[in-house]
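# Topology and contacts: notes
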Amino acid sequence: MDPVNPWLDADEVRRMAERLMMPVREPAVSVADAGFDEAFVGYASERPAPPAPPVPPAPPAPFTPVKPPAPAVAPSAAAARGPFLDRIQHFRDWMSREYAATGMFILDREGAVIFDESDHGRLHFLARSLALASRRPGTSAANVHVKIGAGTTLEVIPVETAYGCLVLGAVVVEALPPAAVSAVMAALAQVAAPPTAT
Amino acid sequence: MINIAVSSQKGGVGKTTVSINLAHAFARAGVRTLLVDADPQGSVGLSLTRQSRLLTGFYDYLQDPGIPMDRLIVPTRLETFSLVASGQASDYEAGGGMGAHLARVRAFLRGADARGFDLCIIDTAAGLFGVTSDVIASSEAVMIPQQAEPLGIRSVPKLLEGLNRLRVLNPRLSVLGVCLTMVQQDLAESTEAAAALRQLLPPEMVFKTQIPRDGLFVRASARGLPVGVLDDGAGAQLVFDSLRAEIEAKLEPSDAAHATFG
């Protein structure tokens with residue numbers, strides 16, 4: 001009897017292995033641009049990060065929703081945009097209340113921004129890369145967390161929805177426990193669900 | 001300095017045996033080698049030093065930035081071979097998720113580099129999370145001992161998934177490959193599992209050298225020695241010399257920094 005192959009997807013394993021043997025494109029962002037503070041040395045580059053260019057002052061509102069990409073989440077932007085953003089705002093408030101999230105963004109399956117908080121746009125690259133690296137076809141998406149600075153952790157939670165996989169990035173004090181991750185996944189899936197006919 | 005993490009998804013696959021004897025093989029070849037015990041179980045220290053539980057070590061350094069690097073390094077009778085034990089703090093909660101100890105691990109490796117070592121081999125705890133993930137995210141290369149038995153090989157997909165994730169944090173990480181361990185030529189399940197793994201993965205991802213299951217390793221560990229030091233250990237030493245040569249060939253390409261292995 002074959003001791004291995006009945007237990008795993010050989011094609012998928014081979015694809016993952018081949019991906020590991022290929023050189024990885026260096027991230028097109030510096031450590032600073034990736035959104036980490038001075039404590040983070042995650043990327044392999046030992047070069048000091050160039051001084052950050054001056055950035056315009058952030059708008060006063062802590063969260064600034066951006067226009068959702070039409071096909072990914074809102075099939076009919078005119079009809080769905082308002083209610084969807086309302087639901088996202090409620091979700092953000094809930095994340096803040098329940099898990100002390102100080103920032104949040106949501107990307108669609110193409111990496112386009114559905115919702116963002118102005119201060120954390122630089123974490124998108126990391127979040128999407130982690131989410132992509134954590135996914136395997138045929139399995140449910142898994143969460144990943146990475147410490148991004150003193151007392152701040154980026155929790156990356158891929159969530160399967162009717163519109164494909166959304167990537168939630170939440171800036172929290174420490175990694176969320178599994179039960180909390182499940183609750184967040186369920187909540188975001190509900191938020192992103194298309195309106196039901198009444 | 002080159003850093004090689006010795007890691008696996010599953011425990012009990014021979015990481016410590018591979019780490020100790022591979023480090024010894026490099027040191028015998030004249031490469032100034034530092035073997036670091038980053039497994040909270042302290043297996044390297046327990047194998048090679050009788051007073052390992054008294055030594056200040058790697059986890060102490062992670063916990064206390066005030067500990068000088070020189071206090072950690074334990075010389076051996078072989079001039080080119082030094083150790084860092086796991087340490088007193090090795091039982092402390094080593095979790096904290098990916099990235100929690102990255103800065104301290106990087107500081108440790110910079111300190112080792114500054115002390116003139118050519119190679120740092122890091123024996124990690126099983127699983128690709130916590131401190132182990134930070135060690136891999138700080139290393140140039142990772143090698144994966146894998147016991148030649150069906151159950152262990154079924155954990156390979158999870159291992160590959162974890163390594164792909166860590167390469168997001170460390171795009172320069174080179175995966176040296178999987179090294180089959182505890183191979184029993186007289187046991188069909190063992191040889192079949194080894195053959196299945198070789199069929200499953202790309203050839204360049206599995207070391208040609210296999211580590212046999214051998215009572216010599218138990219005897220060497222009991223005496224606190226690398227296997228090559230035993231009177232009848234020459235054969236086993238050849239196996240690790242072969243593994244060393246394969247690693248040197250994999251690390252050689254173009255980078256002038258690797259010339260210390262030449």
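Scroll up a little and you will see the structure.
Let me begin by describing the structure that accompanies this report. Just so it is clear, the structure is predicted and the values come from calculations on it, not from any experiment.

## Looking at the overall build of chain B
- Counting secondary structure elements, chain B contains ten helices and seven strands.
- Classification of the 262 residues of chain B by burial places 64% in the buried group.
- A separation of at least 24 residues holds for 78% of the contacts in chain B among residues at least 6 apart in sequence.
- Per element, the accessible surface of chain B, about 9900 Å² overall, is 52% carbon and sulfur.

## Re the pattern of salt bridges
Residue and element names in this part refer to chain B.
- Counted according to the given criterion, the structure contains nine salt bridges over all chains.
- In this structure, K10 engages E149 in a salt bridge whose closest nitrogen and oxygen atoms are separated by 3.8 Å. Note that K10 is positioned in the loop between β1 (2-6) and α1 (15-28) and E149 in the loop between β6 (141-147) and α6 (150-153), a separation of 139 residues in sequence.
- Residue E149 is classed as buried on the basis of its relative accessible area of 19%.
- The residue R115 makes a salt bridge to D70 at a minimum N-O spacing of 2.6 Å. Taken together, the residues R115 in the loop between α4 (102-114) and β5 (119-124) and D70 in the loop between α3 (58-63) and β3 (73-75) connect sequence positions 45 residues apart.
- Relative accessible area serves as the criterion here: at 38%, R115 is assigned to the partly exposed category.

## Notes on the packing of α1(B) against helix α10 (residues 234-251) of chain B
Residues and elements named next belong to chain B.
- Between α1 and α10, the shortest axis-to-axis distance is 9 Å and the interhelical angle comes to 75 degrees. The angle between α1 and α10 falls in the class roughly perpendicular. Here T17, V18, N21, L22, H24, A25, F26 and R28 of α1 lie close against α10, whose contacting residues are Q237, F240, D241, L243, R244, I247 and E248.

Definitions and limits used
Residues numbered from 1 in each chain as written. Chains lettered and ligands numbered in written order. Predicted model: local features only at pLDDT ≥ 70, side-chain atom pairs only at ≥ 80, totals over all residues. Heavy atoms only, no water. Helix = DSSP H or I, 4+ residues; strand = E, 2+ residues; numbered from the N terminus. Buried < 20%, exposed > 50% of the residue type's maximum accessible area, 1.4 Å probe, protein only. Contact = heavy atoms within 4.5 Å. Areas by Shrake-Rupley, 256 points an atom, 1.4 Å probe, with all protein chains shown as cover. Salt bridge = Lys/Arg side-chain N within 4 Å of Asp/Glu carboxyl O. Axes fitted to C-alpha atoms, helices over the stretch in contact; angles between N-to-C directions. Parallel < 35°, antiparallel > 145°, perpendicular 65-115°, else oblique.

Don't take any of this as a statement about function, it's just geometry.
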